[in-house]
Amino acid sequence: MSAQRGILFQEKVSRLLSKQDGRPVLKPNKPLVLKDEVANRRIKRGGASCVTEISVLMACWKQNSFVESLCSTEMKAFYSCVEEARAAKKNTSELSGMQGERLPPKQATLLLKRFPNLRTEI
């Protein structure tokens, strides 16, 4: 079933790209070649961890006039959460290595300029 859909899709695309009445139905407004650079966007960082623990700790400090000895359990909970988050981040970075990660935009542009793409349409 899916193979038949793929064939129908290819036939439709070839029909739309074929010349009909002397001109193609679909005409790209830009050449169909890849650029030798990528957009310089910032990489999104992960979400903040241990937010609830730090808010509980700050609320405890405010209630107890910033006396640290009275909020020792909240401090221990916060520090243990931070250690767990660091360990989880370290484990994910070790597991992924370079396989699943994306290159930063500057490094990708540098590599694309070093090894440029073909400048003609295929």
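Structural notes, computed from the coordinates. Only a predicted model underlies this, so the values are computations on that prediction, with no experimental measurement involved.

### Focus: helix 2 (residues 51–63)
Part 1: Across its 13 residues, helix 2 extends 18 Å between first and last C-alpha, which sits within 8% of the 18 Å expected from 1.5 Å per residue.
Part 2: Where helix 2 terminates, the next one or two residues include Ser65, which has phi positive at roughly 55°.

### Some thoughts on unusual backbone geometry
Part 1: For Cys50, which is not glycine, the phi torsion reads 65° and is therefore positive.
Part 2: Within the secondary structure, Cys50 sits in the loop between strand 2 (23–24) and helix 2.
Part 3: For Cys50, a relative accessible area of 9% translates into the label buried.
Part 4: At Ser65, a position not held by glycine, the phi torsion is positive, near 55°.
Part 5: A relative accessible area of 57% means that Ser65 is categorised as exposed.

### Topic: the pattern of salt bridges
Part 1: Following the criterion strictly, the structure yields two salt bridges and no others.
Part 2: One salt bridge in this structure joins Lys113 and Glu37, with 3.9 Å as the shortest N-O distance. Of this pair, Lys113 sits in helix 4 (residues 105–114) while Glu37 sits in the loop between strand 2 and helix 2, and the two are 76 residues apart along the sequence.
Part 3: For Lys113, a relative accessible area of 53% translates into the label exposed.
Part 4: The salt bridge partner of Glu83 is Arg86, with a shortest N-O separation of 3.6 Å. In this pair, Glu83 and Arg86 both sit in helix 3 (residues 72–96), three residues apart, roughly one turn of the helix.

Cut-offs and rules
- Residues numbered from 1 in each chain as written.
- Predicted model: local features only at pLDDT ≥ 70, side-chain atom pairs only at ≥ 80, totals over all residues.
- Heavy atoms only, no water.
- Helix = DSSP H or I, 4+ residues; strand = E, 2+ residues; numbered from the N terminus.
- Expected span 1.5 Å × (residues − 1).
- Buried < 20%, exposed > 50% of the residue type's maximum accessible area, 1.4 Å probe, protein only.
- Salt bridge = Lys/Arg side-chain N within 4 Å of Asp/Glu carboxyl O.

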